[in-house]
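# Commentary on secondary and tertiary structure
Here is what each chain is made of, one letter per residue.
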Amino acid sequence: NQGFTLVASGWQGDVAARSLLGARFPLALSGGRQVTGPAAAETIFDSPSGNKIALGYPAASLDQAKARLTVSAVTGAPARAIPASAWRFADASTVLVDRPADMDAGAIYRFEYVARDARVMGLGFAATRDFLAWLRHASRAQGNPLADIGDAPCERDVTDVCANAQGGHFSAAVAFGASQSGRYLRDFLWQGFNRDLSGRKVFDGVIPFIPGARRTFTNFRFAEPGRFSRQHEDHGVPGFTYPFAYRTMIDPVTGKRDGILQACDQTGTCPKVFHIDTSAEFWQAGSALVGTGGTDRDVDVPSEVRHYLITGGAHAPGMTLPACRYPANSLNYSPIVRSLVIAMIDWSLIKKNPPASRWPSLAKGELVPVDSLSGPSVPAVGLTWPKVVNRPEAPKGKRAWPVLVPAVDADGNDIAGIRMPDVAAPSGTWLGWNLRKAGYGEGDLCLLAGSHIPFAAEAALRGGDTRASLAERYPGPGARGAKLREAAAALRRDGFLLEADAERISAAAR
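Here the structure is a predicted model, which means the values were calculated and not measured. (Residues numbered from 1 in each chain as written. Predicted model: local features only at pLDDT ≥ 70, side-chain atom pairs only at ≥ 80, totals over all residues. Heavy atoms only, no water.)

### With respect to the overall build of the protein chain
Looking only at helices and strands, one finds 10 helices and 19 strands in the protein chain. Taken over the C-alpha atoms alone, the protein chain extends approximately 75 × 70 × 45 Å along its principal axes. In the protein chain, which comprises 510 residues, the share counted as buried stands at 52%. A separation of at least 24 residues holds for 72% of the contacts in the protein chain among residues at least 6 apart in sequence. Total accessible area on the protein chain is roughly 22,400 Å²; 52% of this is exposed by carbon and sulfur atoms. Looking at the protein chain, you have 56 positive and 49 negative side-chain charges, and the mean spots of the two groups are 3 Å apart. (Helix = DSSP H or I, 4+ residues; strand = E, 2+ residues; numbered from the N terminus. Buried < 20%, exposed > 50% of the residue type's maximum accessible area, 1.4 Å probe, protein only. Contact = heavy atoms within 4.5 Å. Areas by Shrake-Rupley, 256 points an atom, 1.4 Å probe, with all protein chains shown as cover. Lys, Arg positive; Asp, Glu negative; His and termini not counted. Charge placed at Lys NZ, Arg CZ, Asp CG, Glu CD.)

Shown next, in the form of structure tokens:
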């Protein structure tokens, strides 16, 4: 309804046909022959049944002596070899395993083997670069469906929004990618693909949404872009290493000089960037590293970058899994994202500066070590705070990068960031994390799920809950509704809610 043109660009080379929008890339060859090499697959069944391990690439040989299967109880636990008599190839892409009786449903099975049919997955970066460059500059005669945009009358205000240093048919191009595609956009920038083959800028604005400090498992041999590092699952998958921050700096661990924007800085093709995470990514994706760069301090943020934390948000709102201990977090933060998309478009058109960053600061005590974090006691659900967090694996012999998490208030809600009205005037504790329960790798983080622990209705029902009840914190009819409306008005004033969303939230609060 804003009148923008939406373009979807397939970039992942292993998406199943007729499933999602993907891409088709050629096999990797060496001297005209197919490439083979080491690969690994990991599976967590999260069910008492199930015995199939799907391989990302087919095995080059079905000889069991050329493969190895191990199992670990949780991340970091010793890996135990499973003998060849307890597993077998069903075919080149499937392994069947007789699961050990002493391993629970959350055990981690890792299959290492020699793979074939490697695809040139790194072409996924060139695919988006070249597609956008073609849409921006190719003529109507060349079949470009967007060439007629340049023929439309130009809107002019105090600043000339039609003037575009890159030329082309449209005034600005803004990239938005969520989760996996958010990690892809960080990688796209780091690998230098925001410069097209004629030296022009591809995107004027880029919004990596919920990527954390990670990139992708894409520009590698036997890459699997759909896999990504989490604390329990696929912990060692490539794509979670230095650099973490957008500014170019020297890594205190490896001594390397790098940054997400280093390549585009060198060619003058950097876009404006909104990095948006929820509370969840600080636990599962090392988001604190975006602001610290792996140091023990806050690092300067480039002038063309903003960092935003959506307080209390989960990576996958509403996700319910049998392995998770606590009720699901269903916080709907899409109004914040909508507002920031419009803010990025305005910034890219040089119409209006965006809101200042809202990101937890180490200097202000808004980031703390996992071991020091404690929250309220809620005996009814046996709430305990995690002792684990997803950390990037440092090079052998090097110290680990410090991974921190947001400090919390007396209710257990994160202190820093953009607070939706439901967090500013809470009905419970909104957590970006959930824990695995007994029988499912107990104590590790539960996939991408968050948690919501409601407050007791009144003081007499608290039962040892150290958090104030709803009746205690919102005395009288309409008390919470008034606070919800105040919070919505503040977000609208600060540029984090569109007027229509602020009105809708206020109407519901009444």
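### Brief notes about the packing of helix 1 (residues 123-137) against helix 2 (residues 180-190)
Contact pair helix 1 / helix 2: the axes reach a minimum separation of 10 Å and the direction vectors enclose 85°. One finds that helix 1 runs roughly perpendicular with respect to helix 2. Counted together, Gly 124, Phe 125, Thr 128 and Arg 129 of helix 1 and Tyr 184, Asp 187 and Phe 188 of helix 2 form the full contact between these two elements. Residues that form the contact of helix 1 with helix 2 fall into these classes: three nonpolar, two polar and two charged. (Axes fitted to C-alpha atoms, helices over the stretch in contact; angles between N-to-C directions. Parallel < 35°, antiparallel > 145°, perpendicular 65-115°, else oblique. Nonpolar A, V, L, I, M, F, W, Y, C, P; charged D, E, K, R; others polar.)

### A look at the state of the cysteines
Two cysteines, two sulfur atoms, one covalent bond between them: this is a disulfide. Going through the model one piece at a time under the given rule, you end up with two disulfides. The partner cysteine of Cys 264 in its disulfide is Cys 270, sulfur to sulfur 2.0 Å. With the S-S dihedral at roughly 90°, the linkage between Cys 264 and Cys 270 falls on the right-handed side. For Cys 324, the disulfide goes to Cys 446, at an S-S distance of 2.1 Å. Looking along the S-S bond of the Cys 324-Cys 446 disulfide, the torsion reads about -90°, which is the left-handed sense. (Disulfide = S-S within 2.5 Å.)

### Quick look at the packing of aromatic side chains
Across all of its chains, the model carries 25 aromatic pairs by this definition. For the ring pair Phe 274 and Tyr 308, a centre distance of 5.2 Å and an interplane angle of 85° mean the geometry is edge-to-face. Remark: Tyr 308 occurs in strand 15 (residues 305-310) and Phe 274 occurs in strand 14 (residues 272-278); sequence separation between them is 34 residues. Of the residues examined, Phe 274 reaches a relative accessible area of 0% and is grouped as buried. What makes Tyr 308 buried here is its relative accessible area of 0%. A ring pair is formed by Tyr 308 and Phe 496, whose centres lie 5.7 Å apart and whose planes are at 80°; its orientation type is edge-to-face. With Tyr 308 in strand 15 and Phe 496 in the loop between helix 9 (479-494) and helix 10 (499-509), the pair connects residues that are 188 residues apart, well separated along the chain. Every member of this aromatic cluster is reached through a ring pair, and the members are Trp 11, Phe 125, Tyr 184, Phe 188, Phe 193 and Phe 203. Directly above the aromatic system of Phe 228 lies the positively charged group of Arg 230, at a separation of 4.2 Å from the ring centroid. (Phe/Tyr/Trp six-rings, centres within 6.5 Å; stacked < 30°, edge-to-face > 60°. Lys NZ or Arg CZ within 6 Å of the ring centre and 35° of its normal.)

### Quick word on empty space enclosed by the protein
Across all of its chains, the model carries four cavities of 30 Å³ or more by this definition. Size it by volume and the largest cavity reaches roughly 80 Å³. Looking at the largest cavity, it is lined by 15 residues, and the ones nearest its centre are Ala 280, Gln 284, His 315, Leu 447 and Leu 448. Looking at side-chain class alone, the lining of the largest cavity contains nine nonpolar, four polar and two charged residues. (1 Å grid on protein atoms, 1.4 Å probe; cavity = no way out; pocket = protein on both sides within 12 Å on 5 of 7 lines; lining within 4 Å. Points joined across faces, edges and corners; volume = space filled by probe spheres on them.)

### Overview of the sheet that holds strand 6 (residues 80-81)
As a general point, the strands of a sheet are linked pairwise by backbone hydrogen bonds and lie either parallel or antiparallel. The strand order across the open sheet formed by four strands is 3-9-5-6, and the pairing between neighbours is antiparallel. Taken across any chain shown, the strands that pair with only one partner, and hence form the sheet edges, are strand 3 (37-43) and strand 6. Sheet topology note: the strand 5 (residues 68-72)/strand 9 (residues 108-115) ladder contains five bridges and is antiparallel. For Thr 70, the partnering residue across the bridge sits in strand 9 and is Arg 110. (Pairing = 2+ DSSP bridges.)

### Quick look at the environment of Leu 497
In this structure, Leu 497 sits in the loop between helix 9 and helix 10. Judged by its relative accessible area of 1%, Leu 497 is buried. Excluding its chain neighbours within four sequence positions, the residues that come into contact with Leu 497 are Pro 335, Ile 336, Ser 339, Ala 488, Leu 491, Arg 492, Ala 502 and Ile 505.

### Notes on a nonpolar patch on the surface
Taken together, Val 7, Phe 131 and Trp 134 make up a surface patch of nonpolar side chains, about 240 Å² in accessible area. Residue placement: Phe 131 occurs in helix 1. The partly exposed category is assigned to Phe 131, whose relative accessible area is 31%. (Patch = residues over 30% accessible without salt bridge, like charges linked within 9 Å, V, L, I, M, F, W, Y side chains within 5 Å. Salt bridge = Lys/Arg side-chain N within 4 Å of Asp/Glu carboxyl O.)

### Some thoughts on the sheet that holds strand 8 (residues 94-97)
The strand order across the open sheet built from three strands is 4-8-7, with neighbouring strands paired in antiparallel fashion. Bordering the open sheet on either side are strand 4 (52-54) and strand 7 (87-91), each of which pairs with just one other strand. Geometrically, the sheet is characterised by an average inter-axis angle of 30° between neighbouring strands, direction not taken into account.

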